[in-house]
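Topology and contacts: notes
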Amino acid sequence: MNSFTKSDELLQRELKVSPLAAQTYSKSYRYFSKGFAPSYMDHGEGCYIYDVDGNKFIDFMCALGPITVGYNEPSVNEAVIKQVNKFSSGSLQSELEVELAEKICEIIPCAEMVRFVKNGGDATTAAVRLARAYTGRDIILMCGYHGMHDWSIGASDNHKGVPEAVRKLTINFTYNDLNDLETKLKENEVAAVILEPIQSNGPKDGYLDAVKELTHKYGAILIFDEVVSGFHYALGGAQEKFNVAPDLVAFGKGMANGYPISAVAGRRDLLEQIEQGVFVSTTFGGDSIAMAASLATIKILEQPGFYDHINKIGTILHDGIQERIDKYDLNDVLAVSGMPAHCGVAFEGHGSLSYLDVQSVYSQTILQYGVLQFAIYFLNAHHTEKEAKIYLDATDEAFSLIRKAIDKDSLDGILVGGKVDPVFKRNIK
Ligand SMILES: Cc1ncc(COP(=O)(O)O)c(C=O)c1O
């Protein structure tokens, strides 16, 4: 059994001076069964990470999406180091900014222009502001998670600290339900419809086309939040995969293999508003290190077969999880959620067991197999059939224990570690 002495020591130290310790909620120690997970990483290699106690895990989290080509990727490192030796943030922009902007406009179907920021939430917020400025309207219809800014988090269950006046301006709509969307478009003067184009098991046939048509029919701007789907399902994101171009798109996470950069892109007339007083500007938006990393990353993503590989491994996992749900007759508590390239297990409670009880058994078991993941997986170029098999063996064992717990209606003798205790309320990831 792994020992986490150094991780535990660091965690206790950090908790005294930094709330929750992990700076991203979903990487918090609270998302893992306590006693079985490391908190601090020492280094990564391909699809493996090594913690500060020297334990090795197959990383199916990929830093929650950013690591698209793999940790410590030589060509990305080389590009970054070359630029580190010149400058990172400078008093003028770098040539890399021109190259990256041209590249984004070349590979992203809807991108006539692009502007770079840092986090996914910066990009979605910029897109929403551009849409509001263009339409002269305030109301936003949203579907998914779009970051920590007031306009979006205010419409979630995690809205503490967001003024009521702001909360009223964003309304949630239901994925894959066109009636719900049209009702809300009819009832409100909507500036923008923003959604994660790939949720649950993906869009129903024609759904994204119909969303676009309805959005335009009611005079609103369509924004795809491709912070997750971008660079994961296809080079051009969900808009390429489903052949539906939005008016604006937000990218983040997978753009630069872990280096911080995000982007808002789309129609020229919308983006040009930035030259006419719509404010989209950050100190680090032009950081050249992340741009060097992004160009090197995209070069790898562009290689023929890159996404075929991701989809092949993803399909093995996706189908393998479903087979095991069927094998242990667990369809009422577990579901495969997502499409092969990025997917996971959704948990429900049963009898006296809560969904977190069920998830805790899963977490504890897969960690013992050396698999780092909390519920969803991301893949990078280095995951192969070998890692997929270990993941599915771990999943098989976890599901057999969940079956046992449900049959006994108890975790006694099954859950040895502490329970998973998420930071986010459940309506968002
Ligand atoms: C779909 C989606 N949009 C936006 C965001 C916000 O990105 P960031 O955390 O980089 O601000 C996230 C983050 O998880 C996301 O999943």
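Predicted model only: the values in this text are computed from it and were never measured.

Turning next to the overall build of the chain. Across its full length, the chain carries 14 helices and 14 strands. Taken over C-alpha atoms, the radius of gyration comes to 22 Å for the chain, in line with the 22 Å a tight globule of 429 residues would show. Referenced to the eigenvectors of the C-alpha coordinate spread, the extents of the chain come out at roughly 65 × 55 × 45 Å. Here the chain holds 429 residues, and 55% of them are scored as buried. At a minimum sequence separation of 6, the contacts of the chain that also span at least 24 residues come to 75%. Accessible area of the chain: about 18,600 Å², with a carbon and sulfur share of 50%. The average position of the 40 basic charges and that of the 56 acidic charges among the side chains of the chain differ by 3 Å.

Quick look at helix 3 (residues 95-107) now. The end-to-end C-alpha distance of helix 3 is 19 Å, a good match for the 18 Å that 13 residues give at a rise of 1.5 Å each. Residues of helix 3 that are buried include every one of L96, L100, K103, I104 and I107, and no others. Along the long axis of helix 3, the arc covered by the buried residues comes to 100°, so they all point the same way. In helix 3, the exposed positions that point more than 90 degrees away from the buried face belong to E95, E102 and E106. In this fold, the buried residues of helix 3 make contact with helix 2 (74-84), strand 4 (113-117), helix 9 (237-241), strand 10 (262-266) and helix 11 (288-301).

As a further point, take the side chain of Q273. Mapped onto the secondary structure, Q273 falls in the loop between helix 10 (268-271) and helix 11. Judged by relative accessible area, Q273 falls into the buried class, the value being 7%. With residues up to four places along the chain from it excluded, the contact list for Q273 reads L130, A133, Y134 and V278.

As a further point, take the packing of helix 3 against helix 11. Remark: helix 3 packs on helix 11, axes separated minimally by 9 Å, with the N-to-C direction vectors making an angle of 40°. Accordingly, the angle class assigned to the pair helix 3 and helix 11 is oblique. Of the two elements, helix 3 crosses helix 11, and the hand of that crossing is left-handed. In this structure, helix 3 contributes L96, E97, E99, L100, K103, I104 and I107 to the contact, and helix 11 contributes S288, M291, A292, S294, L295 and I298. Residue classes in the contact of helix 3 with helix 11 are distributed as eight nonpolar, two polar and three charged.

Right, let's talk about the site of the ligand for a bit. Taken together, the residues surrounding the ligand are N119, G120, G121, Y145, H146, G147, E196, D225, V227, V228 and K253. In the environment of the ligand, a nitrogen atom lies 3.1 Å from a nitrogen or oxygen atom belonging to the backbone of Y145. Surface burial for the ligand is 81%, taken as the share of its 390 Å² of free accessible area covered by protein chains. For the shell around the ligand, a count of residues per class yields three nonpolar, five polar and three charged.

Taken in spatial order, the seven strands line up as 4-10-9-8-7-5-6 in an open sheet, and their pairing is mixed. If you trace the sheet from one side to the other, it starts and ends with strand 4 and strand 6 (170-172), each paired once. Going from strand to strand, the sheet's axes swing by 20° on average, the running direction of each strand aside. Taken together, the four bridges between strand 9 (residues 248-251) and strand 10 define a ladder with antiparallel strand orientation. If you follow A250 over to strand 10, its bridge partner there is V264.

Another point: the packing of aromatic side chains. Throughout the structure, instances matching the rule amount to eight aromatic pairs. Over the aromatic face of Y48 sits the side chain of K56, whose NZ or CZ is 4.6 Å from the ring centroid.

Splitting the chain by domain gives domain 1 (5-71 + 305-408) and domain 2 (89-286). On a C-alpha basis, the centroid separation for the pair domain 1 and domain 2 is 28 Å. On the side of domain 2, 17 residues touch domain 1, which itself brings 17 residues to the contact. Regarding the contact of domain 1 and domain 2, the summed buried area is about 1,400 Å², with carbon and sulfur atoms giving 56% of it.

Here D269 is to be found in helix 10. Residues D269 and D247, 22 residues apart in the sequence, show an inter-C-alpha distance of 9.8 Å. At 2.8 Å, the side chain of D269 forms a polar contact with the side chain of Y134. Among the polar contacts listed, one links the side chain of D269 to the side chain of R267, at a separation of 2.9 Å.

This next bit is on the pairing of strand 2 (residues 48-51). Of the strand pairs in this sheet, strand 1 (residues 41-45) and strand 2 are connected by four bridges, and their pairing is antiparallel. Bridge pairing in strand 2 links H43 to Y50. Between strand 1 and the antiparallel strand that follows it, strand 2, lie two residues; G46 among them carries a positive phi value of about 65°. Adjacent in sequence and paired antiparallel, strand 2 and strand 3 (residues 56-59) are bridged by four residues, among which G54 carries a positive phi angle near 90°.

Rules of the game
- Residues numbered from 1 in each chain as written.
- Predicted model: local features only at pLDDT ≥ 70, side-chain atom pairs only at ≥ 80, totals over all residues.
- Heavy atoms only, no water.
- Helix = DSSP H or I, 4+ residues; strand = E, 2+ residues; numbered from the N terminus.
- Rg over C-alpha atoms; globule rule 2.2 N^0.38 Å.
- Buried < 20%, exposed > 50% of the residue type's maximum accessible area, 1.4 Å probe, protein only.
- Contact = heavy atoms within 4.5 Å.
- Areas by Shrake-Rupley, 256 points an atom, 1.4 Å probe, with all protein chains shown as cover.
- Lys, Arg positive; Asp, Glu negative; His and termini not counted.
- Charge placed at Lys NZ, Arg CZ, Asp CG, Glu CD.
- Expected span 1.5 Å × (residues − 1).
- Arc of directions from axis to C-beta.
- Axes fitted to C-alpha atoms, helices over the stretch in contact; angles between N-to-C directions.
- Parallel < 35°, antiparallel > 145°, perpendicular 65-115°, else oblique.
- Left-handed = near helix turned anticlockwise from the far one by under 90°.
- Nonpolar A, V, L, I, M, F, W, Y, C, P; charged D, E, K, R; others polar.
- Near = heavy atom within 4 Å.
- Polar contact = N/O pair within 3.5 Å; in protein donor to acceptor, adjacent residues only side chain to side chain.
- Pairing = 2+ DSSP bridges.
- Phe/Tyr/Trp six-rings, centres within 6.5 Å; stacked < 30°, edge-to-face > 60°.
- Lys NZ or Arg CZ within 6 Å of the ring centre and 35° of its normal.
- Domains from an automatic or database assignment.
- Buried area = accessible area lost by both parts, 1.4 Å probe.

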